[in-house]
Amino acid sequence: MDTSCYIAELIFRIDNKKNPPLSRFEKQTRLLTAENEREAYLQALITATKELDKHSDTAQYQWEFAGIGTLHLTEQPEAVVESQAALDQPVNAQEFMHFLRERNASLQSKLAMSA
C-alpha cells in the first residue's frame, strides 16, 4: 500500500505548578507519513506521548496532551514546516479543552466508521 503525508496539529496544555492559575497552550505542527488517516491518527498520538515523555521531569511545568487540532492529508509535504508555537491564551481554558475533546471524539468516530 502507498504511503501519504499528513499534517497533524498537536495541542498541549502547559500548567505552571508553582503558580497554578497560570497555564498556556502550545501547538506543534508535525508531518506524518502513513498509509491512511487512521494510521496517521495513531502516529499523532504516539508523537504526542513522546513529547510528554520529554517533559515529564520538569519540576515547574506540567504538560498535558489536550488533543489533535487538525489532521489532514497534504499533497505538498515539502511545503510543510514542522513547528512549535504558543497559542493565544483562550478566554476560558476549560471551554477550549472541552472543544478539543469534542473535536477528538468526532475524529475517533469518523475513523471508527471508516475501519
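Conventions adopted
- Residues numbered from 1 in each chain as written.
- Predicted model: local features only at pLDDT ≥ 70, side-chain atom pairs only at ≥ 80, totals over all residues.
- Heavy atoms only, no water.
- Pairing = 2+ DSSP bridges.
- Helix = DSSP H or I, 4+ residues; strand = E, 2+ residues; numbered from the N terminus.
- Axes fitted to C-alpha atoms, helices over the stretch in contact; angles between N-to-C directions.
- pLDDT = per-residue confidence, 0-100.
- Core = buried A, V, L, I, M, F, W, Y, C linked by side-chain atoms within 4.5 Å.
- Buried < 20%, exposed > 50% of the residue type's maximum accessible area, 1.4 Å probe, protein only.
- Contact = heavy atoms within 4.5 Å.
- Parallel < 35°, antiparallel > 145°, perpendicular 65-115°, else oblique.
- Left-handed = near helix turned anticlockwise from the far one by under 90°.
- Nonpolar A, V, L, I, M, F, W, Y, C, P; charged D, E, K, R; others polar.

Enquirer: Pulling in residues and values, what's your account of the sheet that holds strand 2 (residues 23-34)?
Expert: Through backbone hydrogen bonds, the strands of a sheet pair up, either in parallel or in antiparallel fashion. Pairing is antiparallel across the open sheet formed by 4 strands, whose spatial order is 3-1-2-4. Each end of this open sheet is capped by a strand with a single partner; those strands are strand 3 (61-74) and strand 4 (83-86). Averaged over all pairs of adjacent strands, the angle between strand axes in this sheet comes to 20°, irrespective of strand direction. Sheet topology note: the strand 1 (residues 4-16)/strand 2 ladder contains 12 bridges and is antiparallel. Looking at strand 2, one finds that Ala8 is bridged to Arg30.

Enquirer: Lay out the confidence of the model for the protein chain in plain terms, naming residues and giving numbers.
Expert: Per-residue confidence for the protein chain averages 89 on the pLDDT scale, and 97% of its residues sit at or above 70. Confidence scores differ between elements of the protein chain, with helix 2 (residues 93-114) showing the lowest mean pLDDT of 86 and helix 1 (residues 37-54) the highest of 95.

Enquirer: Just give me the short version of the nonpolar core, but keep the residues and values in it.
Expert: Ranked by internal contacts, the top residues of the largest apolar core, which has 16 residues, are Ala8, Leu10, Tyr41, Ala44, Ile68, Leu71 and Leu107. Looking at this core, the element that brings in the most residues is strand 1, giving 5 residues. Non-local contacts of Leu10, meaning those with residues more than four positions away in its chain, are made with Glu26, Lys27, Gln28, Arg30, Ala44, Thr47, Ala48, Phe65, Gly67 and Ile68. Among the nonpolar cores identified, the runner-up in size contains 6 residues, and Ile11, Ala66, Ala93 and Met97 belong to it.

Enquirer: Quick rundown of the packing of helix 1 against helix 2? Include the residues and the values.
Expert: The interhelical angle for the contact between helix 1 and helix 2, taken along N-to-C directions, is 140°, at an axis separation of 10 Å. On the basis of their axis angle, the class for helix 1 and helix 2 is oblique. The hand of the helix 1/helix 2 crossing is left-handed. Residues Glu37, Arg38 and Tyr41 of helix 1 pack against Leu107, Gln108, Lys110, Leu111 and Ala112 of helix 2. Residues belonging to the contact of helix 1 with helix 2 are distributed by class as follows: 4 nonpolar, 1 polar and 3 charged.

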